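Notes for the structure review
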Amino acid sequence: MDFSLTADEKMIQEMVRGFAQQELKPQAATLDAEHKMNLDNLARMAELGLMGMNIPEAYGGAEVGVVPYSLAMTEVGRACAATAVTMSVTNMVGEVICAFGTEEQKQKYVTRLCSGEYAAGAFGLTESLAGSDPGSMRTQAVREGDYYRLNGSKLFITSAEYAGVTVVWAVTDRQAPKSRRISAFLVEQDTPGFKVGKAEEKMGQRGSATNELVLEDCLVPAANLLGQEGDGLKIALMALDGGRIGIGSMAVGIGYEALDFARDYAKERVQFNQPIASFQAIQWMLADSYTEMESAQLLVLRAAYLKQQKTRFSREASMAKLLATEGANRACYRAIQILGGNGYIAEYPVERLYRDVRVTTIYEGTSEIQRLVIARHILNA
Amino acid sequence: MKIVTCIKQTFDTEAKITIENGKVSDQGVNLIVNPYDEFAVEESIRLKEKNGGEVVVVSVGNDKTQEALRYCLAMGADRAVLIQDPALENGDNHSAAVALAKLLADMEYDLIFCGKEAVDDGAAQVPSRLAEKLDLPQANVITSFELGDGQATVTREIDGGTETLEVQLPAVFSAQKGLNEVRYPSLPGIMKAKRKELKVVSLADLGLSAEDVAPKAELVQAELPPPRKAGRVLKGEVEEVVAELVKLLQEEAKVI
Amino acid sequence: MSIVVFAEQRGGTLRKITYEVVSEGKRLAAAAGDSLKVLLAGSDVAGLAEELKKFGADEIAVANDAALADYTTDAYAAVLAAYIQQENPGLVLLGHSAIGKDLAPRVAARLDAGLVSDCIDVKFADGDYAFVHPIYAGKAIATYKVNSAVKMATLRPNVFPVEENAGAGSVVDFSTEIPAPRTKVLEVKQQGGDRPELTEADIICSGGRGLGNPDGFQLIEQLADILGAAVGSSRAAVDAGWRDHQFQVGQTGKVVSPNLYIACGISGAIQHLAGMGSSKCIIGINKDPEANIFNVADYGIEGDLYKVVPALIEKLKEVKG
Ligand SMILES: Cc1cc2nc3c(=O)[nH]c(=O)nc-3n(C[C@H](O)[C@H](O)[C@H](O)COP(=O)(O)OP(=O)(O)OC[C@H]3O[C@@H](n4cnc5c(N)ncnc54)[C@H](O)[C@@H]3O)c2cc1C
Ligand SMILES: Cc1cc2nc3c(=O)[nH]c(=O)nc-3n(C[C@H](O)[C@H](O)[C@H](O)COP(=O)(O)OP(=O)(O)OC[C@H]3O[C@@H](n4cnc5c(N)ncnc54)[C@H](O)[C@@H]3O)c2cc1C
């Protein structure tokens, strides 16, 4: 067993770290305060190959592998979680089109996602009445000649307002068993009837847009059906398995960032004539959380490795996401505790990190859903 | 247009320095391409992108230095040559310049770029030594570069200002911050770099002996600077106190 | 044996570094029992030899040639190398200035000499020189020995004290063949008030709430001008609107580590210290004897900054010439 990174992995990690620290981190607080993504950053990331890390060169991707992808997500997550989630969803969308799309779909959409011609990709699964249970969604797609007519609405769709293409799930066969009821469609931004609603006011990750989508007689060419009719749920779940590696990796980054800040602070802050780092209570918080984040990162990298080997990784991805996101939440909580009052003040970064990390246990499958997946694997083994 | 760019692998500028047996220890230290050399590599690649040609990055180093060269290849250099030899391990600036000059003597080049100094020993010797050994003109610490016909016009930093120089080519140029904005290697660049040639040559391959590169300056010992002394509050008449302060800054702290 | 010092001049005036290097050359010559020879090169510089005599050189060689009007590496290297070859000294010293940095390694390579750059100390003991040079941006200090017949070093400016000394000071002409330089100086621009960037500056002068009003920064700027320093500030001064945020030093501003940090009217809050605590030398100027800045300052001056800083400016003008 070899825990060391290869030379390529190290170089990619260093490149992304340099970029994220120099270019993204200085903007993180501003993006948060102004509730605004910087699209120039996304364009630069596409130029660097960060928007299609596991996509074959033939479609404009960098094809560097899932382990480097995880390392990169952790670095971007450390610097700016809002940018990280945008990158994660865009990569996921590119990959899902690669996995299930026709040659034309790949040529048209994947290349644009990778090149930055599309600022981002979006993933339109959740609805107000269907979150953890996407199979119960209401949005409908009815075939009319060369088109599908889509009607319904989606909620909490990351990047929808500037995504060039959104994968939209809709019910194509109400009568079919749940696993075959829904299908996935590739919907371009300017399709008539495709309306992006308001961006939600969020607790954290405020730099990323989270929109409502309204589909009103939205006519999508039949050629934009992704996979076959009825494949929708399978496609969504497969995409989310991979997505969980991205979110887990990002959470690890946020957790480390908060802990490193708290560690440095604890060494400098003096109370009772000694640095607070000399108090065992503080030491234990740091020891516990670093242990948790490092074990989470190992799980995340294992899941990434398995995916890279093209073997099954669903169970491992769920475990990784569960531990990474829950652990990162604890890490940020403790970081604030270590900073005391300063931790609660917006001028210190841990205040934002705490808000940013919160959602990671919710999207791309809540922690409860991860446990469900893990338990199913364990009990069905 | 053929460009040779000399780079050195150095400690990360944030690295904590520890001393072991009178030497700076490299244990656990992150290694990077010397930051000033990155400006040199960037300028070389830009010139190639504009005028066509080839950028060859060269370095004197060890196994680890391959990573630094790969980084330059990922940025866009075309191939790399590493001079590696046990006899060079304790070399000085003279050793490096002699080895590089011998390597370059058999190469074709129109321009040679270096960084203005390495952030480790801060000596700023290799560019000038190399220029001398190759009998080429030099322009050090440049912040702008414009290619002309058989010559280049550069701006270089001098004490308290700048100087614009016209330099006959080929020549050696050393890069200062401000020359350009260094790119990050892209992921496709990193993948392509794996397939680019990285040749390792020994002193024997260059026709040099250990004696030819024996260092002229030898490290006796390295030590950490003395720890911070307890602060002192100066008291008295303003004029006296100020005079004392200036004296201390000059002679004790040696900062002005 | 002799010690050779290269006397740097620009536009017909000797540079301060020259006095420093000659003074150190004299000290070493005395310690080693060597003679001190100074090479003065340029066009129309013969008059400067007089000035150099005060520093104890045994001989001042003047290479006066129109081809030396501008500094060019080719021409100056030819002269210095020829002079060294003629004198065959044990030690050659230059300043670690823009010219010294350019010239010394060029000549060292021509003579296959060992060169230690940017020395902060040169010691002579047991018949040999030891050269002390900070490495890793001052995070370590290295001592070198040089094994070539001619040993060369460049000396860091502002480190070696200037001392006048008696010496024979005979002035001789030196000439050698000067090749046509392959570089041509088109233009020289002396910089005006441009200040270095905060994070790159060797010296930073900062002001805080203690300035009392925005005009107080004019005083800090005057101080900075004399030192070639950047101007920083505490958050209190930024919050008051006296200074732009880009100049804030501290936890939520810039993190800096200059050689010298002068804090004027700054209390030394932990958030401020987080940004400048790693400065090599810290000066605190504050009227409150209990101010926390005095706990970290290498040198503190307790007093009203409106009295202390003007006096400091005057004193610096004096020593800086
Ligand atoms: C900032 C943000 C960005 C998002 N981006 C996207 C996006 O780009 N695309 C997209 O499609 N969606 C997105 N989402 C939606 C997100 O994926 C859902 O919020 C998430 O799946 C949970 O669904 P829900 O909110 O409807 O909660 P619910 O499903 O209603 O869950 C509520 C609670 O019940 C628990 N629960 C539900 N079912 C079970 C069960 N079977 N057993 C135990 N507990 C259960 C949950 O764990 C949770 O604690 C985003 C959400 C946010 C907040
Ligand atoms: C979240 C947060 C982040 C912060 N980040 C930063 C930061 O990045 N940088 C930063 O600097 N601060 C920061 N602070 C603010 C910090 O806590 C202090 O409030 C601030 O540094 C005080 O600035 P000051 O020293 O100029 O003012 P004061 O603390 O008011 O000190 C003024 C000093 O001037 C002295 N003085 C007054 N008149 C004279 C005179 N005539 N001559 C000499 N001395 C005089 C006084 O004795 C006093 O010591 C932060 C605070 C918080 C809560």
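Summarised in this report is the structure supplied together with it.

Analysis parameters
- Residues numbered from 1 in each chain as written.
- Chains lettered and ligands numbered in written order.
- Predicted model: local features only at pLDDT ≥ 70, side-chain atom pairs only at ≥ 80, totals over all residues.
- Heavy atoms only, no water.
- Buried < 20%, exposed > 50% of the residue type's maximum accessible area, 1.4 Å probe, protein only.
- Helix = DSSP H or I, 4+ residues; strand = E, 2+ residues; numbered from the N terminus.
- Pairing = 2+ DSSP bridges.
- Near = heavy atom within 4 Å.
- Polar contact = N/O pair within 3.5 Å; in protein donor to acceptor, adjacent residues only side chain to side chain.
- Areas by Shrake-Rupley, 256 points an atom, 1.4 Å probe, with all protein chains shown as cover.
- Nonpolar A, V, L, I, M, F, W, Y, C, P; charged D, E, K, R; others polar.
- Contact = heavy atoms within 4.5 Å.
- Buried area = accessible area lost by both parts, 1.4 Å probe.
- Salt bridge = Lys/Arg side-chain N within 4 Å of Asp/Glu carboxyl O.

For the rest of this paragraph, the subject is the pairing of strand β1 (residues 2-7) of chain C. Residue and element names in this part refer to chain C. The buried fraction of β1 amounts to six of the six residues, a majority that puts the element mostly inside the structure. Here β1 shows a buried face lined by S2, V4 and F6 and a second buried face lined by I3, V5 and A7. As judged from the three bridges shared by β1 and strand β6 (residues 91-95), these two strands associate in the parallel manner. For V5, the partnering residue across the bridge sits in β6 and is L93.

With that settled, the discussion passes to the site of ligand 2. Around ligand 2 sit 26 residues, and of these R209, S234, Q248, T252 and S267 of chain C come closest. Nearby residues place ligand 2 at the junction of chains A and C. Taking Q248 of chain C, its side chain carries an N or O atom lying 2.7 Å from an oxygen atom of ligand 2. Here a nitrogen atom of ligand 2 and a side-chain polar atom of D304 of chain C are 2.9 Å apart. Protein contact buries 82% of the 980 Å² of open area that ligand 2 shows by itself. Looking at the shell around ligand 2, the elements that each hand over two or more residues are α6 (235-239) and α7 (270-276) of chain C. Among the residues forming the shell around ligand 2, the class breakdown is six nonpolar, 14 polar and six charged.

Moving on to the interface of chain B and chain C. The interface is formed by 72 residues belonging to chain B together with 76 residues belonging to chain C. When chain B packs against chain C, close to 6300 Å² is buried across both sides, 53% of that on carbon and sulfur atoms. The interface formed by chain B and chain C includes six salt bridges. Taking the shortest distance from any N to any O, the salt bridge between R110 of chain C and E132 of chain B comes out at 2.7 Å. For the interface between chain B and chain C, the tally reads 35 residue pairs in polar contact (both at pLDDT 80 or more). Elements supplying a minimum of two residues to the side of chain B that touches chain C: α4 (126-133), β9 (138-147), β10 (151-158), β11 (161-168), β14 (217-223), β15 (232-234) and α7 (238-252) of chain B. In terms of residue class, the side of chain B that touches chain C is built from 34 nonpolar, 16 polar and 22 charged. Relative to strand β18 (residues 299-302) of chain C, β15 of chain B runs parallel, the two sharing three bridges. Following the sheet pairing, V233 of chain B is matched in β18 of chain C by G300 of chain C.

All names here are of chain A. Turning to its location among the elements, N91 is positioned in helix α4 (residues 81-100). Classification of N91 by relative accessible area gives buried; the value is 1%. Residues in contact with N91, not counting those within four places in the same chain, are L50, M51, G52, M53, N54 and Y69.

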